[in-house]
Amino acid sequence: MNIKDLPFGVTDWSDVEKTEHTGEQGMAYWQTRTFGDIRVRMVEYSPGYLADHWCAKGHILLCLEGELHTELKDGRCFVLPPGSSYQVADNAELHRSSTEQGAKLFVVD
């Protein structure tokens, strides 16, 4: 990642509008800021959420609350409790998210 032409700034996430995204099951709520080519999000998944697609986008993701389940297309599964993160490159390994209890994430992509 090459971060350039980005002056110092502070984001008060309580001021950032939430958008709703329907999963195969449950809902995702995104708060999104974009800085050039970099998208930064706070994402909340409702309990029982299951993504409606396999994602090819690269991310750096930090689980803040709850528990996130990440399944890779090759069958591997990972559980992220609060304080754990993952990183994956664009078009590297298809992945999708789910959660039984809900989760809150900080995502950079």
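Above: the structure in question.
Let us look at the structure shown here. Bear in mind the structure is a predicted one, so any value in this text is a computation, not a measurement.

**Structural notes on the overall build of the protein**
- A tally of helices and strands in the protein yields zero helices and nine strands.
- Tracing the protein from N to C terminus, the helices and strands come up as β-β-β-β-β-β-β-β-β.
- Whereas a compact globule of 109 residues would reach a radius of gyration of roughly 13 Å, the protein reaches 14 Å, a difference of no more than 12%.
- With the C-alpha coordinates aligned to their principal axes, the bounding extent of the protein is approximately 40 × 30 × 25 Å.

**A look at the sheet that holds strand β6 (residues 77–80)**
- Taking strand neighbours across the sheet as the criterion, the three strands line up as β6-β5-β8 in an open arrangement whose pairing is antiparallel. At either margin of the open sheet sits one strand with a lone partner, and together these are β6 and β8 (95–98). Direction aside, neighbouring strands of the sheet carry axes that sit 20 degrees apart on average.
- Here strand β5 (residues 68–72) pairs with β6 via four bridges, running antiparallel. Directly across from Glu71, in β6, lies its bridge partner Cys77.

**Structural notes on the environment of Tyr29**
- Tracing the backbone shows Tyr29 in strand β2 (residues 27–35).
- Distance in space between the C-alpha atoms of Tyr29 and Tyr45 is 6.5 Å, their sequence separation being 16 residues.
- Once residues within four sequence positions are removed from consideration, Tyr29 is found in contact with Lys18, Thr19, Glu20, Met42, Val43 and Glu44.

Analysis parameters
Residues numbered from 1 in each chain as written. Predicted model: local features only at pLDDT ≥ 70, side-chain atom pairs only at ≥ 80, totals over all residues. Heavy atoms only, no water. Helix = DSSP H or I, 4+ residues; strand = E, 2+ residues; numbered from the N terminus. Rg over C-alpha atoms; globule rule 2.2 N^0.38 Å. Pairing = 2+ DSSP bridges. Axes fitted to C-alpha atoms, helices over the stretch in contact; angles between N-to-C directions. Contact = heavy atoms within 4.5 Å.

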